[in-house]
Amino acid sequence: SDEEIKALYEQTLHPTPTQPPTPKPKLTLTIQTDTELKEGETRYSKLIVKNEGTAPAQNVVITLFSQGLNIQITENLGILQPQESREIPFYVEAKYSGQYKVFAKAEYTDGLNKYIEETQEIITVRASEIPLIPSQQQEKGKLSISLTTDVIRAKVGQEFAVTLSVVNYITNPDATLQ
């Protein structure tokens, strides 16, 4: 129809202005660490926080945590400008063998004071058992360890004597305890 053609003609000559997208911050969290550890090992690691958005991230607070790896860190980073990144150093300590997830929570506000909170699993760390050396595999030993004292009550800071007793129950008298 003539009306549709006229409307199409007007829209071509005078397009409706489109609003540019509202600038927004967008934080990404990346961990650099060794994800394969032996039981008892500790590794230096770092969390990299980057604002990949188009607006500053304000009041940035990062929490990094993992049960089993001795990680519980909270860092207040303040303001992160677009494309700015910061590093948070930490240690991964694998006390026991197992598989452990590492989580990070980012809390911040955008330019309109909108509060944003995101929690995500960053990595999984595997800690394997330390293999036994052959001599330990051949002779399984048993030790009994006990502490004794004659003191029934002790005041805070009071020193007293204790006796440490270790009994070797290995059946082979030539076996070596390490």
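From a predicted model like this one, the values you see are computed outputs, not experimental measurements.

Cut-offs applied
- Residues numbered from 1 in each chain as written.
- Predicted model: local features only at pLDDT ≥ 70, side-chain atom pairs only at ≥ 80, totals over all residues.
- Heavy atoms only, no water.
- Salt bridge = Lys/Arg side-chain N within 4 Å of Asp/Glu carboxyl O.
- Helix = DSSP H or I, 4+ residues; strand = E, 2+ residues; numbered from the N terminus.
- Pairing = 2+ DSSP bridges.
- Axes fitted to C-alpha atoms, helices over the stretch in contact; angles between N-to-C directions.
- Core = buried A, V, L, I, M, F, W, Y, C linked by side-chain atoms within 4.5 Å.
- Buried < 20%, exposed > 50% of the residue type's maximum accessible area, 1.4 Å probe, protein only.
- Contact = heavy atoms within 4.5 Å.
- Phe/Tyr/Trp six-rings, centres within 6.5 Å; stacked < 30°, edge-to-face > 60°.

Draft legend 1. Expanded view of the pattern of salt bridges. What the rule picks out here adds up to eight salt bridges. In this structure, the salt-bridge partner of Lys-46 is Glu-87, at a minimum N-O distance of 3.5 Å. One end of the pair, Lys-46, is in strand S3 (residues 42-51); the other, Glu-87, is in strand S6 (residues 85-93), with 41 residues separating them in the sequence. Several salt bridges share partner residues, and in doing so they unite Asp-34, Glu-41 and Arg-43 into one network.

Draft legend 2. Unusual backbone geometry, seen in detail. Look at Gln-83: it is not a glycine, yet its phi comes out positive at around 70 degrees. With respect to the element layout, Gln-83 can be found in the loop between strand S5 (71-80) and S6.

Draft legend 3. Geometry of the sheet that holds strand S4 (residues 57-66). Strand order in the open sheet formed by five strands is S2-S8-S7-S4-S5, and the pairing between neighbours is mixed. The open sheet has two edge strands, strand S2 (36-38) and S5, and neither has a second partner. Strand-to-strand twist across the sheet, computed as the mean angle between neighbouring axes with direction ignored, equals 25 degrees. Here S4 runs beside S5; their pairing, made up of eight bridges, is antiparallel. Note on S5: the bridge partner recorded for Ile-62 is Glu-75.

Draft legend 4. Representation of the nonpolar core. Judged by nonpolar contacts, the single largest core of 29 residues is most densely connected at Leu-47, Val-49, Ile-62 and Leu-64. At the level of elements, strand S1 (27-32), S3, S4, S5, S6, strand S7 (98-109) and strand S8 (115-128) are the ones that each hand at least two residues to this core. Residue contacts for Val-49: discarding those within four places in its chain leaves Leu-27, Thr-28, Leu-29, Ile-62, Leu-77, Leu-80, Glu-84, Ser-85, Arg-86 and Ile-88.

Draft legend 5. View of the packing of aromatic side chains. Per the stated rule, a full pass over the model turns up two aromatic pairs. With centroids separated by 5.7 Å and ring planes inclined at 75 degrees, the aromatic side chains of Tyr-44 and Tyr-91 adopt a geometry described as edge-to-face. Here the residue Tyr-44 occupies a position in strand S3, and Tyr-91 occupies one in strand S6, the gap between them amounting to 47 residues. What makes Tyr-91 exposed here is its relative accessible area of 52%.

Draft legend 6. View of the pairing of S8. Bridge analysis of S2 against S8 gives three bridges, and the strand direction is parallel. The partner of Leu-37 across the bridge, within S8, is Ala-127. In the sheet, S7 pairs with S8 via 12 bridges, with the strands oriented antiparallel. Bridged to Thr-109 within S8 is Tyr-115. Taking the residues between adjacent antiparallel strands as the criterion, S7 and S8 are bridged by five residues, where Asn-113 takes a positive phi near 60 degrees.

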